[in-house]
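# Close look at the chain arrangement
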Amino acid sequence: QVQLVESGGGLVQPGGSLSLSCAASGSISSIYAMSWYRQAPGKQRELVATITSGGYTHYTDSLKDRCTISRDSAKNTVYLQMNSLKPEDTAVYYCNLQMREGLYINPYWGQGTQVTVSS
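The text that follows walks through the structure, step by step, so that each part is easy to find.

So, how was this worked out
Residues numbered from 1 in each chain as written. Predicted model: local features only at pLDDT ≥ 70, side-chain atom pairs only at ≥ 80, totals over all residues. Heavy atoms only, no water. Disulfide = S-S within 2.5 Å. Helix = DSSP H or I, 4+ residues; strand = E, 2+ residues; numbered from the N terminus. Buried < 20%, exposed > 50% of the residue type's maximum accessible area, 1.4 Å probe, protein only.

Moving on, we get to the state of the cysteines. Tallied over the entire structure, the rule returns one disulfide. Here Cys 22 pairs with Cys 95 through a disulfide, and the sulfurs are 2.1 Å apart. In this structure the cystine formed by Cys 22 and Cys 95 twists about its S-S bond by roughly -80°; its chirality is therefore left-handed. Pair noted here: Cys 22 is in strand 3 (residues 18–26) and Cys 95 is in strand 9 (residues 91–101), with a separation of 73 residues, a long-range link. Assessed through its relative accessible area of 0%, Cys 22 is described here as buried. According to the relative accessible area criterion, Cys 95 is buried, its value standing at 0%. Just so you know, Cys 67 is unpaired, no disulfide at all, and the nearest cysteine sulfur is the one on Cys 95, 14 Å from it. On the basis of relative accessibility, which here comes to 4%, the residue Cys 67 falls in the buried class.

Limitation: the analysis is restricted to geometry and does not speak to function.
Listed below in structure tokens is the structure:
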């Protein structure tokens, strides 16, 4: 069993900043990558940012200048720092872990944390 627990969501004003964290626990073997996704009401879930076990990072174009993904490998924790937030960033943010298990890379999801950008 793998558990992902996100924290740090909440209400922030436009132009503000927010930091999310996601701690993985349980039967953690070999992490391939950890990512943040988001899903706004009525929209599909979309990738926000990814960081691989080797430290490679990837960001979706709409957020790459406003967010930073980082990790603490010793704690199996990934962070997402978001700046200059806009109302359109309002969504449930989900943590995703991709773990090598035998020949496969399997995804695990957190329960999500709500981020609301509003004045």
